Amino acid sequence: MTKDECKQVVLDIIADIAPDEALSNVKPDVRLRDQLELDSMDFLDIVMELRKRHGIEVPEADYPKLASLDSCAEYLTPKFNAVGAKQ
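Parameters and conventions
- Residues numbered from 1 in each chain as written.
- Predicted model: local features only at pLDDT ≥ 70, side-chain atom pairs only at ≥ 80, totals over all residues.
- Heavy atoms only, no water.
- Helix = DSSP H or I, 4+ residues; strand = E, 2+ residues; numbered from the N terminus.
- Rg over C-alpha atoms; globule rule 2.2 N^0.38 Å.
- Buried < 20%, exposed > 50% of the residue type's maximum accessible area, 1.4 Å probe, protein only.
- Contact = heavy atoms within 4.5 Å.
- Areas by Shrake-Rupley, 256 points an atom, 1.4 Å probe, with all protein chains shown as cover.
- Lys, Arg positive; Asp, Glu negative; His and termini not counted.
- Charge placed at Lys NZ, Arg CZ, Asp CG, Glu CD.
- Core = buried A, V, L, I, M, F, W, Y, C linked by side-chain atoms within 4.5 Å.
- Disulfide = S-S within 2.5 Å.

Caption draft 1: Looking closely at the overall build of the protein. Assigned secondary structure in the protein consists of four helices and zero strands. Along its sequence from the N terminus, the protein presents helices and strands in the succession α-α-α-α. Taken over C-alpha atoms, the radius of gyration comes to 12 Å for the protein, in line with the 12 Å a tight globule of 87 residues would show. Counting only residues that meet the buried cut, the protein has 37% of its 87 residues in that class. When contacts within the protein are restricted to residue pairs at least 6 apart in sequence, long-range pairs at least 24 apart make up 55% of them. As displayed, the protein offers around 5300 Å² of accessible surface, 50% of which is attributable to carbon and sulfur atoms. Placing the 11 positive and 18 negative side-chain charges of the protein at their respective mean positions leaves the two points 6 Å apart.

Written out as C-alpha cells, the structure reads:
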C-alpha cells in the first residue's frame with residue numbers, strides 16, 4: 001500500500017465516523033483535530049476501525065503519530081504492508 005492509499009483509508013474511516021465533516025480540503029500536514037471537529041472519542045473510533053477493518057493495532061503510546069494525514073501515512077503504511085504480507 002502506498003502512502004496516498006493509506007491516507008485515503010484514514011479519510012474513509014473519518015467519513016464513516018464523522019459524516020458531516022468536509023474532507024475534500026483536509027491539509028495533509030496539519031493536525032486532523034485542528035482541521036476537523038474530532039473529539040477524543042472520534043479519535044478512538046479511528047483507531048478501533050483500523051483494527052476492525054484492517055487488523056492494524058495502534059498502541060496508545062503511538063496515538064500522537066496519527067496527528068495529521070502525513071503522520072498517519074508515515075506510521076501506518078509499513079503496518080498495512082506488514083499485514084498485507086501476512087494475508
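Next, the rest of the story.
Caption draft 2: View of the side chain of T77. Take T77: it is sitting in helix α4 (residues 69-86). Taking relative accessible area as the criterion, T77 reaches 8% and is therefore assigned buried. Once you skip the residues sitting within four places of it in the chain, T77 turns out to touch M1, T2, K3, C6 and C72.

Caption draft 3: Inspection of the nonpolar core at higher detail. Grouped together as the largest cluster of nonpolar side chains are 26 residues, with contacts concentrated most on I14, L32, L50, V58, L66 and L76. Residue assignment for this core shows that the elements contributing at least two residues are α1 (3-17), α3 (40-54) and α4. With seven residues, α4 is the single largest residue contributor to this core. Setting aside anything within four residues of it in sequence, one finds I14 in contact with P19, L23, L32, L36, L38 and I46.

Caption draft 4: Just the environment of V83, in detail. Its place among the elements puts V83 in helix α4. Taking relative accessible area as the criterion, V83 reaches 18% and is therefore assigned buried. With 28 residues separating them along the chain, V83 and G55 place their C-alpha atoms 7.1 Å apart. Those residues in contact with V83 that lie beyond four places of it in its chain are H54, G55 and I56.

Caption draft 5: Representation of the state of the cysteines within the structure. Evaluated as defined, the whole model comprises zero disulfides. Of all cysteine sulfurs, the one in C6 lies closest to C72, which takes part in no disulfide; the gap is 7.0 Å.

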